[in-house]
Amino acid sequence: MNVTISSGLLRRLVEEAGASPDAEVCGLLFGSVARIEAAEACANVAANPARAFEIDPAALFAAHRRARSGGAVAIGHYHSHPSGLPVPSPRDAAQAMGDGAVWVILGGGEARAWRSVEVGAFVEEAIEVVE
């Protein structure tokens, strides 16, 4: 399966990650099962943001409230690996819930997409970039 994203949005996410070499950036992704239409940067509230990410729970709750009121639906999230590759780490796998969420991981100036297909496991999704 592919996940589609605009070139401008993808560029913005890669630039956001590149601008934070000492801490993981993170945020929510909005759209549909096969298309990322928007992204919202969120505070990383992890105890050690240089090595982990935790999206601010207030941002998650706010996104769910907006969706219940007819707003965009959160389909997943993104985060960076400042000194690593854009592949799921063991910590990422431990957080995978098997809920079909899209994870965009940024690292080394690139982005790769993954889908949480079962608890503790991901399948890579091809990213289709559109204008």
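Residues numbered from 1 in each chain as written. Predicted model: local features only at pLDDT ≥ 70, side-chain atom pairs only at ≥ 80, totals over all residues. Heavy atoms only, no water.

Visitor: Whenever I open this one, the sheet that holds strand S2 (residues 26–32) confuses me. Can you help?
Guide: Paired through their backbone hydrogen bonds, the strands of a sheet run either parallel or antiparallel. Read around the closed barrel, seven strands run S1-S3-S2-S4-S5-S6-S7, paired in mixed fashion. The average undirected angle you get between the axes of adjacent strands in this sheet is 35 degrees. The sheet strands contacting helix H1 (residues 7–18) are strand S1 (2–6), S2, strand S3 (35–42), strand S4 (74–80), strand S5 (102–107), strand S6 (110–118) and strand S7 (121–130), and the helix crosses S3 at an angle near 30 degrees. Its contacts with the sheet place helix H2 (residues 57–68) against S2 and S3, and it is angled at close to 15 degrees to S2. (Pairing = 2+ DSSP bridges. Helix = DSSP H or I, 4+ residues; strand = E, 2+ residues; numbered from the N terminus. Axes fitted to C-alpha atoms, helices over the stretch in contact; angles between N-to-C directions. Contact = heavy atoms within 4.5 Å.)

Visitor: Sorry, what's going on with the pattern of salt bridges here?
Guide: Under the defined criterion, the tally for this structure stands at three salt bridges. With a shortest N-O distance of 2.7 Å, Arg66 and Glu40 are connected by a salt bridge. Remark: Glu40 occurs in strand S3 and Arg66 occurs in helix H2; sequence separation between them is 26 residues. (Salt bridge = Lys/Arg side-chain N within 4 Å of Asp/Glu carboxyl O.)

Visitor: How should the pairing of S2 be read in this particular structure?
Guide: The side chains of a regular strand alternate, residue by residue, between the two faces of the sheet. Judged by how many residues are buried, S2 sits mostly within the fold: five of seven residues are covered. The antiparallel hairpin formed by S2 and S3 contains two residues in its connecting segment. (Buried < 20%, exposed > 50% of the residue type's maximum accessible area, 1.4 Å probe, protein only.)

Visitor: What's the story with the environment of Pro88 in this structure? I'm lost.
Guide: Tracing the backbone through its elements, the reader meets Pro88 in the loop between S4 and helix H3 (90–95). For Pro88, a relative accessible area of 23% puts it in the partly exposed group. On a C-alpha basis, the gap between Pro88 and Gly27 in space is 16 Å, while along the polypeptide they are 61 residues apart.

Visitor: Can you help me understand the nonpolar core in this one?
Guide: Here is a general trend for soluble globular proteins: nonpolar side chains tend to be buried in one another's company. Formed by 17 residues in total, the largest nonpolar core has its most connected members in Leu13, Leu29, Ile36, Tyr78, Val104 and Leu106. Only S1, H1, S3, S4, S5 and S6 provide two or more residues apiece to this core. At four residues, H1 tops the list of elements feeding residues into this core. Filtering out sequence-adjacent residues up to four positions away, Ile36 remains in contact with Val3, Thr4, Ile5, Leu9, Leu29, Phe30, Ile75, Val102 and Val104. If you look at the next biggest cluster of nonpolar residues, it comprises 14 residues, including Leu28, Ala63, Ala96 and Phe122. (Core = buried A, V, L, I, M, F, W, Y, C linked by side-chain atoms within 4.5 Å.)

Visitor: Can you walk me through the state of the cysteines in this structure?
Guide: A covalent bond bridging the sulfur atoms of two cysteines is what the word disulfide describes. For the structure on display, the rule yields zero disulfides. Between Cys26, a free cysteine, and Cys42, which holds the nearest cysteine sulfur, the sulfur-to-sulfur gap is 6.1 Å. When its relative accessible area of 1% is taken as the criterion, Cys26 is described as buried. (Disulfide = S-S within 2.5 Å.)

Visitor: Sorry, what's going on with H2 here?
Guide: Each full turn of the α-helix corresponds to 3.6 residues, which orients residues three or four apart in the same direction. Helix length check: H2, at 12 residues, gives a terminal C-alpha distance of 17 Å against a target of 16 Å (1.5 Å per residue), a fit within 8%. The residue sitting at the N-terminus of H2 and contributing the capping side-chain oxygen is Asp56; that oxygen lies 3.1 Å from the backbone nitrogen of Ala58. Immediately beyond the C-terminal end of H2, within one or two residues, lies Gly70, with a positive phi of roughly 100 degrees. (Expected span 1.5 Å × (residues − 1). Polar contact = N/O pair within 3.5 Å; in protein donor to acceptor, adjacent residues only side chain to side chain.)

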